[in-house]
Amino acid sequence: MRIIPAIDIIDGKCVRLSKGDYNTKKIYNENPLAVAQSFEDHGIQYLHLVDLDGAKSSQIVNYKILEQIASKTNLKIDFGGGLKSDTDLRIAFESGANQITGGSIAVKNPELFKQWIAQYGSDKIILGADAKNEKVAVSGWMEESKEDLIPFIQTYQKEGIQYIICTDIAKDGMLEGPSFDLYQKILKQVPNIKLIASGGISTFEELPKLAEMGCEGTIIGKAIYEGRISLKQLEQFIVEA
């Protein structure tokens, strides 16, 4: 299972939210590049970079930070937040993204999102399937759509999607443990999907459990920043894996 730390960006700074609520913003570091380099120093190869300003805006905002991290580390970056047009996608890839994550766009403009899958290939496009009560949430999680989570994933799997990031919003940033039951359900009902678990990771012990269930990757945010899981522990996990 891949270990994928998260860096969320607001105003160029590394922050975390609770349950996606912008009013709960906590700044952890003013220098996202330094954070990314510390991940790389501990043997981590992947990064989940989220443009939270972009998620609320009508376009990509923090692509300069993506460019900086991509040019000064060897991390494979998946980038999300505010990707709403062909131009946004081009900027993200030109700025060094290895993959992009599309969430709101997959709900609000499915034709465009399907076009991206066809154009860039399913190894480059990740479906962001973030859920509240098993309904897909959009627009930086400020809106709940009418889409049911599992049929939504199944529809896009038929379009060629291989990777999905699923965050249970109720768990995100709460450090109360991930949505094991939800992930079990997805893996059972959507076979052969590469599921990346996200939200609520709070202790190191949860990681082997997610790996055993069959998650392809896991995104870890606040647990790292709050010192619940150390980079040393993650380094050890990667070496043993």
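See the structure above.
One structure accompanies this document, and this report is about it. (Residues numbered from 1 in each chain as written. Predicted model: local features only at pLDDT ≥ 70, side-chain atom pairs only at ≥ 80, totals over all residues. Heavy atoms only, no water.)

**A word on the environment of Leu33**
By secondary structure assignment, the location of Leu33 is in helix α1 (residues 32-41). Leu33 sits in the buried class, given a relative accessible area of 10%. Non-local contacts of Leu33, meaning those with residues more than four positions away in its chain, are made with Gln68, Ile69, Lys72 and Thr73. (Helix = DSSP H or I, 4+ residues; strand = E, 2+ residues; numbered from the N terminus. Buried < 20%, exposed > 50% of the residue type's maximum accessible area, 1.4 Å probe, protein only. Contact = heavy atoms within 4.5 Å.)

**Some remarks on the pattern of salt bridges**
In the structure shown here, the tally under the stated rule is 10 salt bridges. A salt bridge links Glu226 to Lys26; its shortest N-O distance comes to 3.1 Å. Here Lys26 lies in strand β3 (residues 21-29) and Glu226 lies in the loop between α10 (222-225) and α11 (231-240), a separation of 200 residues in the sequence. Given the relative accessible area of 35%, Glu226 is considered partly exposed. Between Arg90 and Glu94 there is a salt bridge, and its shortest N-O distance comes to 3.3 Å. Separated by four residues within a single helix, Arg90 and Glu94 lie in helix α4 (residues 86-94), roughly one turn from each other. Overall, the relative accessible area of 40% leaves Arg90 in the partly exposed class. Looking at Glu94, the relative accessible area reads 59%, which means it is exposed. Several salt bridges converge on common partners, so that one network encompasses Glu111, Lys114 and Glu159. (Salt bridge = Lys/Arg side-chain N within 4 Å of Asp/Glu carboxyl O.)

**Description of helix α8 (residues 180-189)**
If you check which residues of α8 are buried, you get Phe180, Leu182, Tyr183, Ile186 and Leu187. For α8, the arc enclosing every buried residue in end-on projection is 160°, short of the 170-degree limit, so these residues lie on one face. Residues of α8 that are exposed and angled more than 90 degrees away from the buried face: Asp181 and Lys188. Buried positions along α8 lie against α7 (149-158), β11 (163-167), β12 (194-198) and α9 (206-213). (Arc of directions from axis to C-beta.)

**Considering the pairing of β11**
Across the five residues of β11, five count as buried, placing the element largely inside the fold. Of the two faces of β11, both are covered, the one formed by Tyr163, Ile165 and Thr167 as well as the one formed by Ile164 and Cys166. Note that strand β7 (residues 125-128) and β11 share three bridges and pair parallel. Within the sheet, the bridge partner assigned to Ile126 lies in β11 and is Tyr163. (Pairing = 2+ DSSP bridges.)

**Let's talk about the side chain of Lys222**
Positionally, Lys222 belongs in helix α10. Although Lys222 lies buried, it forms no salt bridge, and the closest oppositely charged side chain, Glu226, sits 5.2 Å away as judged by the N-O distance. Side chain to side chain, Lys222 and Ser18 meet in a polar contact 3.0 Å long. When sequence neighbours within four positions are dropped, the list of residues in contact with Lys222 reads Arg16, Leu17, Ser18, Tyr28, Gly173 and Leu175. (Lys, Arg positive; Asp, Glu negative; His and termini not counted. Polar contact = N/O pair within 3.5 Å; in protein donor to acceptor, adjacent residues only side chain to side chain.)

**Looking at the state of the cysteines**
The bond known as a disulfide is covalent and runs between the sulfur atoms of two cysteines. Under the defined criterion, the tally for this structure stands at zero disulfides. Cysteine Cys166 shares no disulfide, and the gap to the nearest cysteine sulfur, in Cys215, comes to 9.4 Å. A relative accessible area of 0% means that Cys166 is categorised as buried. (Disulfide = S-S within 2.5 Å.)

**Quick notes on the nonpolar core**
Membership of the largest hydrophobic core comes to 70 residues, with the highest contact counts inside it found for Ile7, Ile69, Phe113 and Ile186. Other than its neighbours up to four places away in sequence, Ile186 contacts Leu149, Ile150, Ile153, Ile164, Cys166, Ile193 and Leu195. (Core = buried A, V, L, I, M, F, W, Y, C linked by side-chain atoms within 4.5 Å.)

**Some points on the side chain of Ser198**
Structurally, Ser198 is set in strand β12. By relative accessible area, which is 8% here, Ser198 ends up buried. Within polar-contact distance, the side chain of Ser198 engages the side chain of Thr167 at 2.9 Å. If we skip the residues at most four places from it in the chain, Ser198 touches Ile165, Cys166, Thr167, Asp168, Tyr183 and Ile219.

**As for the packing of aromatic side chains**
Scanning all chains against the criterion turns up six aromatic pairs. Measuring from ring centre to ring centre gives 5.2 Å for Phe113 and Tyr156, while their planes differ by 85°; the resulting arrangement is edge-to-face. With Phe113 in helix α6 (residues 110-120) and Tyr156 in helix α7, this residue pair connects regions lying 43 residues apart in the sequence. In this structure Tyr156 comes out as buried when scored by relative accessible area, which is 3%. Taking 5.4 Å as the distance between ring centres and 80° as the angle between the ring planes, the aromatic pair formed by Phe152 and Tyr156 counts as edge-to-face. Placement of both Phe152 and Tyr156 in helix α7 is noted, with a separation of four residues, approximately one turn of the helix. Of the two residues, Phe152 and Tyr156, both sit in the buried class. Its end group placed over the ring of Tyr22, Lys56 keeps NZ or CZ at 4.2 Å from the ring centre. Its guanidinium or amino end placed over the ring of Phe180, Lys209 lies 4.0 Å from that ring's centre, counting from NZ or CZ. (Phe/Tyr/Trp six-rings, centres within 6.5 Å; stacked < 30°, edge-to-face > 60°. Lys NZ or Arg CZ within 6 Å of the ring centre and 35° of its normal.)

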